[in-house]
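Structure at a glance
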Amino acid sequence: MSTRTGAARAVPAPAPRPGSAPGDPRRSGAGQPLRRTRPRVVHSRRPSLLERLHLDGIRLAWVLIPLIALLLGGVVFVNVQRLNLTTQTGRTVDMYNQAQADILRLRAVLAQKDGQVVEQAVQRLGMVQAPGSGLTYVSVPKEARIGPGQAPRTR
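This structure is a prediction, so every number in the text was calculated from the model and none was measured. (Residues numbered from 1 in each chain as written. Predicted model: local features only at pLDDT ≥ 70, side-chain atom pairs only at ≥ 80, totals over all residues. Heavy atoms only, no water.)

On to the overall build of the protein. Scanning the protein from terminus to terminus reveals three helices and four strands. Along the protein, from the amino end to the carboxyl end, the secondary structure elements read β-α-β-α-β-β-α. Taking all 155 residues of the protein together, the buried fraction comes to 3%. Only carbon and sulfur atoms are counted for the fraction: they give 60% of the accessible area of the protein, which is about 15200 Å². (Helix = DSSP H or I, 4+ residues; strand = E, 2+ residues; numbered from the N terminus. Buried < 20%, exposed > 50% of the residue type's maximum accessible area, 1.4 Å probe, protein only. Areas by Shrake-Rupley, 256 points an atom, 1.4 Å probe, with all protein chains shown as cover.)

Shown next as structure tokens:
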């Protein structure tokens, strides 16, 4: 016999009525020997909600509430970490943009200083800057090139 909830248990057959004899023709039929009756199988009742909320004497709520609290705490922790990462990423992007602005400002200052140097060279030394588009380069033919240790040809 099982004591688990939901298990079937055997119940002995009901006792014969006090007024009937074992050989009573009304019970066993005329002239037939008395048959043994099978024990009835009675299913145990379904457990109620209150009984289902117990785990071996421990209420299910005492297990579920801390478990749910732990899961929600994990979700909050992940969201806080994601917010911190997003904030750090925003700061890094701002620093990158500021560095790019500084580079552009320094290039403008460099170009201004370069222009001042060229202007002073023109005024003090009388130098003239060659036009950028009017320059032509001279190429040396292959037969005129000299190797290491050779003297240059003059004609």
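Once the structure has been displayed, the description carries forward.
The next point concerns helix H3 (residues 61-125). When the terminal C-alpha atoms of H3 are compared, their 94 Å separation across 65 residues agrees well with the 96 Å that a helix rising 1.5 Å per residue should span. Trailing H3 by a residue or two, Gly126 shows a phi angle of about 75°, which is positive. (Expected span 1.5 Å × (residues − 1).)

Residues Leu64, Leu67, Ile68, Leu71 and Leu72 make up a contiguous nonpolar surface patch of roughly 480 Å² in combined accessible area. Its location among the elements puts Leu67 in helix H3. (Patch = residues over 30% accessible without salt bridge, like charges linked within 9 Å, V, L, I, M, F, W, Y side chains within 5 Å. Salt bridge = Lys/Arg side-chain N within 4 Å of Asp/Glu carboxyl O.)

The next thing to look at is the confidence of the model for the protein. In low-pLDDT regions, the fine details of the predicted coordinates are not to be read closely. Within the protein, residue pLDDT values average 79, and 72% of them lie at 70 or more. Within the protein, helix H1 (residues 25-28) has the poorest average pLDDT of any element, 52, and H3 the best, 94. (pLDDT = per-residue confidence, 0-100.)

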